[in-house]
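The lines below spell out each chain.
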Amino acid sequence: MSKLTRRQVVGSGLAAAALTSLPASAQAGPVRIAYIDPLSGFMAPVGDGGLKQFEFECERINAAGGVAGGRKLEVVGLDNKLNPQESIVQLEKAIDQGIRYVAQGNGSSVASALVDAIEKHNARNPRQAVMYLNYAAVDPMFTNDKCSFWHFRFDADSDMKMSALTDYIKGLPDLKRIYIIGQDYSFGKAVADAAVKMLGTKRPDIQIVGNELHPLARVRDFSPYITKMRAAGAQAVITGNWGNDMQLLIKASSDAGFNVPYFTYYGGGLGAVAGMGKSAVGLVRQITEWHANIPDIGMDDIVRSFKAKHRELDYYYYRVKVMFDMLSKAMNDTKSVEPRDVALALEGMEIKIETGMASMRKDNHQLIQPLYISTLSENVKFDVDNTGLGFKTDIRIDGPATSMASTCQMRRPGA
Amino acid sequence: MMETIVFSTLNGVLYGLLLFMLASGLTLIFSMMGVLNFAHASFYMLGAYVAFTLGSVTGFWVALILAPLVVGLFGAVVERFGLRHVHKNGHVAELLFTFGIAYLIEEIVKLIWGKNPLPYTPPPILQQPLFTLWGTHYPAFRIFMMVVAIAMFVALWALLKRTRVGLIVQASLSNPHMVGHLGHNVPLVFMGVFAVGCAMAGLAGVIGGALLVTDPAMALTLGPIVFVVVVVGGMGSLGGAFVASILIGLIQTFAVAVDASLSDLLARFGILVSNRSDLGRITLAQVAPMLPFLILVLVLIFRPRGLMGARES
């Protein structure tokens, strides 16, 4: 003690004073968003890629002056190991730290657990309400029967995407026999059900020659499935597969010389094109809200600067950009970072984005934005996975055309 | 129908042979040293990554030879400076040690090569279809893999059963002191066995990585099934591992190919399950990845020493 100088004593006293007044100073600190997604285990690359993009968008908003009168945004990565229980633990951890915004995207099973937990938390603690930013969990349930005032989805749900895909298929009269294959969990089932239902009404002449679910992230060699598809006489395949399951499926298909069109959700997802290689050119089509080769919409510099920062990754989640833009607009307009105010401002918000207009539906909190169907091609400006291959637009679907009826009956706070 | 049977057999044998390439190294190490190497699938992963990196400089064929050597060398280092010291503390310590190595290798791979899959593919000459049956190509690489696996089986079997080296290795297991007194360096023999086992895993990786996907999860996805093969085949039996690999490969492939539900199967045994119920709607294809583990459980209950295992425990 005797060694302490007077200056140090005064300094520590000041520090103690600063600590006791923490709640007041925390108010002026950054607005934190908890990113709850897999950062370890089998799907870690996907979760990690998402986090990098969140941080990128966050820096962009901060560089442009922050939100609600100069406050910064900050992303806090929390690892949920793609496990619903673990996600709840991470959510509680976030809430304990005073975080009021939660983002998640990978796995509708996880999303389902989070929607429930956040509803309960907000009912019990209306003054510490938490808002849920869903950037990729596309089970239609979250904007229908299970909708929540606190949940906002920035990706088109699997029904909206399937509707666009089946509209496209409607215009391919030669296609008569389609095979559906997907991952065996809620999302894979939702894709298959939507495909069967929509093809049934739009193209009753198309025969569904196979409807198969395989275990999620467990199949190493898809050749047996390809044998089955060929035996069934499939002329095209519809799949919602993502991650390794996507790559291996296409790889087995091209190895066997089974060159039929694939209608996919995540054909351009992380690592998929690297796994598929050249054989997938012209055959793999994907439905997304954006891809890098849409010409002249002012995204090229952003794509390049992201690539300069993360050589291994591609700018992929355009919807995360839209999400940050809308979130910061809501915070700026209301001059509040209180989730309730922000949520009310987001409802019905309409903004101009690079691909057209984006609007947040008030009745079910589903973002309406243009969608693109694109095909894997050579000779593109921006490639995927550093392969030299990338996507080219087949058609663009205007936002309003993707909108679908909803069964959501939303309970608003205080109503 | 014929088409499905032929291709399912081919695919099943192919998958079985890949499993065997992995399981043979594990079996070798286990039968000779009594060490159940949890990190075996990690050496498989290393094989793929090393082959990718070397291959980008030297081409695939040189990498095919060099990568297993590198992995074997790494295995020798692990044995010499790690496992050998842990050995005296018993089997639990050994298990935990190899478990730790598996974890370390995964993290190191992520640090060096990143978390994303690598664009590692077979050389163009092997990517061409070797033959076409009923319109389906069969790529040359798949047949090449079968040839390598079978050559590996024959070479290993001949080495152990027909050469002096094999004699010493086998004797070192049961009578290490005696062999030592005869002037052989027993620790060196063990190190050699461990290195060869790892090199075999590495070779499987060079081929498996190009056939499937090279990513940091590849050890995790194949690890458990390799243990199933070794246990079902009989701990320490090379022939048993071969039979069990092919068996599991075929069962899994045919389970996918057969378009039947669980209720169809149960009906054969007189158990009626409505095909509207959740249980009845499950197809055989959906339970395919579960079947090896079901076989594992059955084997452990009814024939604990495995199909061709020599020992009771």
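Residues numbered from 1 in each chain as written. Chains lettered and ligands numbered in written order. Predicted model: local features only at pLDDT ≥ 70, side-chain atom pairs only at ≥ 80, totals over all residues. Heavy atoms only, no water.

**Details of the state of the cysteines**
All names here are of chain A.
Part 1 of the argument: Taken as a whole, this structure holds one disulfide over all chains when the rule is applied.
Part 2 of the argument: Across a sulfur-sulfur distance of 2.0 Å, C147 and C408 are joined as a disulfide pair. Its S-S torsion of approximately 80° makes the covalent link between C147 and C408 right-handed. Placement of the pair is C147 in the loop between β4 (131–134) and β5 (151–153) and C408 in the segment after α14 (399–402), with a sequence separation of 261 residues.
Part 3 of the argument: Exposure remark for C147: the relative accessible area of 14% places this residue in the buried category. (Disulfide = S-S within 2.5 Å. Helix = DSSP H or I, 4+ residues; strand = E, 2+ residues; numbered from the N terminus. Buried < 20%, exposed > 50% of the residue type's maximum accessible area, 1.4 Å probe, protein only.)

**Notes on the interface of chain A and chain B**
Part 1 of the argument: Taken residue by residue, the interface counts 30 residues in chain A and 38 residues in chain B.
Part 2 of the argument: A buried area of about 3000 Å², summed over both sides, lies between chain A and chain B, and 54% of it is on carbon and sulfur atoms.
Part 3 of the argument: Run the count over chain A and chain B and you get one salt bridge.
Part 4 of the argument: Put simply, chain A and chain B have seven residue pairs in polar contact (both at pLDDT 80 or more) between them.
Part 5 of the argument: Residue assignment for the side of chain A that touches chain B shows that the elements contributing at least two residues are α3 (44–63), β7 (207–214), α8 (223–231) and α9 (244–255) of chain A.
Part 6 of the argument: At seven residues, the largest contribution of residues to the side of chain A that touches chain B is made by α8 of chain A.
Part 7 of the argument: Tallied by class, the residues present in the side of chain A that touches chain B amount to 13 nonpolar, six polar and eleven charged. (Contact = heavy atoms within 4.5 Å. Buried area = accessible area lost by both parts, 1.4 Å probe. Salt bridge = Lys/Arg side-chain N within 4 Å of Asp/Glu carboxyl O. Polar contact = N/O pair within 3.5 Å; in protein donor to acceptor, adjacent residues only side chain to side chain. Nonpolar A, V, L, I, M, F, W, Y, C, P; charged D, E, K, R; others polar.)

**What about the packing of helix α12 (residues 318–334) of chain A against helix α13 (residues 339–346) of chain A?**
Residue and element names in this part refer to chain A.
Part 1 of the argument: At a minimum axis separation of 9 Å, α12 and α13 run at an interaxial angle of 110°. One finds that α12 runs roughly perpendicular with respect to α13. Considering only the axes of α12 and α13, their crossing is right-handed. For the pair α12 and α13, contact is made by M326, L327, A330, M331 and T334 and by D341, V342, A345 and L346, respectively. (Axes fitted to C-alpha atoms, helices over the stretch in contact; angles between N-to-C directions. Parallel < 35°, antiparallel > 145°, perpendicular 65-115°, else oblique. Left-handed = near helix turned anticlockwise from the far one by under 90°.)

**Let's talk about the pattern of salt bridges**
Part 1 of the argument: Summed over all chains, the structure comprises 31 salt bridges over all chains.
Part 2 of the argument: A network of salt bridges, in which partner residues are shared, links E57, R60, K321, D325 and E354 of chain A.

**Re the packing of aromatic side chains**
Residues and elements named next belong to chain A.
Part 1 of the argument: Per the stated rule, a full pass over the model turns up 34 aromatic pairs over all chains.
Part 2 of the argument: On the basis of an interplanar angle of 90° and a centroid distance of 5.0 Å, the ring pair of F56 and F306 is categorised as edge-to-face. Within this pair, whereas F56 is found in helix α3, its partner F306 is found in helix α11 (residues 300–309), the two being separated by 250 residues in sequence. One exposure class covers both F56 and F306, and it is buried.
Part 3 of the argument: Judged by centre distance (6.2 Å) and plane angle (55°), the ring pair of Y265 and Y266 falls under tilted. (Phe/Tyr/Trp six-rings, centres within 6.5 Å; stacked < 30°, edge-to-face > 60°.)

**What about the domain arrangement of chain A?**
Residue and element names in this part refer to chain A.
Part 1 of the argument: When its domains are assigned, chain A resolves into domain 1 (31–157 + 304–368) and domain 2 (159–294 + 370–402).
Part 2 of the argument: On a C-alpha basis, the centroid separation for the pair domain 1 and domain 2 is 27 Å.
Part 3 of the argument: At the junction of the two partners, domain 1 supplies 33 residues and domain 2 supplies 30 residues.
Part 4 of the argument: For the pair domain 1 and domain 2, the two sides together bury roughly 2600 Å², of which 63% comes from carbon and sulfur.
Part 5 of the argument: The largest per-residue losses of area from domain 1 upon contact with domain 2 belong to D157, Y316 and T355, which jointly make up 22% of the total buried on that side.
Part 6 of the argument: Inspection of the region where domain 1 meets domain 2 yields two salt bridges.
Part 7 of the argument: A salt bridge links D155 to K161, with the shortest nitrogen-to-oxygen separation between them at 3.2 Å.
Part 8 of the argument: Where domain 1 touches domain 2, the interface holds ten residue pairs in polar contact (both at pLDDT 80 or more). (Domains from an automatic or database assignment.)

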